[in-house]
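Spelled out, the chains give:
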Amino acid sequence: MKKIILLLICCSPLLRAEVALKPATSRDGYLARLLLNESPFPGERGWKSEADTKACMLQILHVLDSRLKHIPQGYRQSQIAAVSTTDIIDVITTGGEHGQCDGFYRDASGQFVAVPRVEKRLNYLTGIANDGSPGKFARLMEYGQGLATAYINGGIVEADKFATMSLVHNTPVTGRAYSWMTDKDIYNPGGNFIRIPDQQSGSLGGNRFFTLEKL
């Protein structure tokens, strides 16, 4: 009888590890919050599928990394990222509360922070992820945090789907995406940014990605 009881306890779904993000004050916890906040979950605007949302998170990370490490010939980092830096946190927080990444900024003490609505939404999603058996919410939360932690610890393993792009509607482009915005025609970063069309998978997770015109 004791063996049976122990087996039931060990197999209980109540004992599964809960989904939890790293602290918001940590670099990988902060990066994860951006990736998750910018990507749709089931029932939200822009949701298509688990694969689409994961692809969105990955490409957002590639945008940040490209602004940091892959500045195309003829451009300066400050033209693309509005900052000259070697720190991805600076790329995220440049411009203040309504800057490069809306809601993510440095406070008066220099600490990287996010507006309350970000934490409120992520707390809500975490609650759903931890309610019942693991499902889409749990997998998406874990994917976003995993991407962020892997990046901070060593970089990106997954390929950038836009890296080899050379033409958009007969316009020579640099390859890689350097910006993303809500996927509506009214949103466009302007300048030399080129909208990546649907035919080239430019819409992911309710966001539109933009590359740069080749100089």
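Residues numbered from 1 in each chain as written. Predicted model: local features only at pLDDT ≥ 70, side-chain atom pairs only at ≥ 80, totals over all residues. Heavy atoms only, no water.

**Things to note about the pattern of salt bridges**
No. 1: Within this structure, the stated rule accounts for 15 salt bridges.
No. 2: Note that Arg139 and Glu50 form a salt bridge whose closest N and O atoms lie 2.9 Å from each other. Highlighted residues: Arg139 in helix 7 (residues 136-154) and Glu50 in helix 3 (residues 50-69), separated in sequence by 89 residues.
No. 3: A residue is classified by how much of its surface remains accessible, and Glu50, at 16% relative accessible area, is buried. (Salt bridge = Lys/Arg side-chain N within 4 Å of Asp/Glu carboxyl O. Helix = DSSP H or I, 4+ residues; strand = E, 2+ residues; numbered from the N terminus. Buried < 20%, exposed > 50% of the residue type's maximum accessible area, 1.4 Å probe, protein only.)

**With respect to the environment of Ile156**
No. 1: In this structure, Ile156 sits in the loop between helix 7 and strand 3 (167-168).
No. 2: Separated by 57 residues in the primary sequence, Ile156 and Glu213 have C-alpha atoms spaced 24 Å apart.
No. 3: With sequence-adjacent residues up to four places away left out, Ile156 is seen in contact with Leu58, Leu61, His62, Asp65 and Tyr151. (Contact = heavy atoms within 4.5 Å.)

**Looking at the pairing of strand 8 (residues 207-212)**
Consecutive residues of a regular strand have side chains that alternate between opposite faces of the sheet.
No. 1: Taking burial as the measure, the six residues of strand 8 include six buried ones, the bulk of the element.
No. 2: Of the two faces of strand 8, the one carrying Asn207, Phe209 and Thr211 and the one carrying Arg208, Phe210 and Leu212 are both buried.
No. 3: Where strand 5 (residues 179-182) and strand 8 come together, four bridges link them in antiparallel fashion. Residue pairing for strand 8: Thr182 is matched across the bridge by Asn207.
No. 4: Strand direction decides the pairing type here: strand 6 (residues 193-195) and strand 8, joined by three bridges, are antiparallel. When the sheet's bridge partners are listed, Ile194 is paired in strand 8 with Thr211.
No. 5: Bridge analysis of strand 7 (residues 203-204) against strand 8 gives two bridges, and the strand direction is antiparallel. (Pairing = 2+ DSSP bridges.)

**Focus on the packing of aromatic side chains**
No. 1: One pass over the structure, following the stated rule, counts four aromatic pairs.
No. 2: Taking 5.5 Å as the distance between ring centres and 70° as the angle between the ring planes, the aromatic pair formed by Tyr30 and Phe104 counts as edge-to-face. Of this pair, Tyr30 sits in helix 2 (residues 27-37) while Phe104 sits in strand 1 (residues 104-106), placing them 74 residues apart in sequence. For the pair formed by Tyr30 and Phe104, the shared burial category is buried.
No. 3: Aromatic pair Phe162 and Phe209: ring centres 6.0 Å apart, planes at 40°, arrangement tilted. Placement of Phe162 in the loop between helix 7 and strand 3 and of Phe209 in strand 8 is noted, with a sequence separation of 47 residues between them. (Phe/Tyr/Trp six-rings, centres within 6.5 Å; stacked < 30°, edge-to-face > 60°.)

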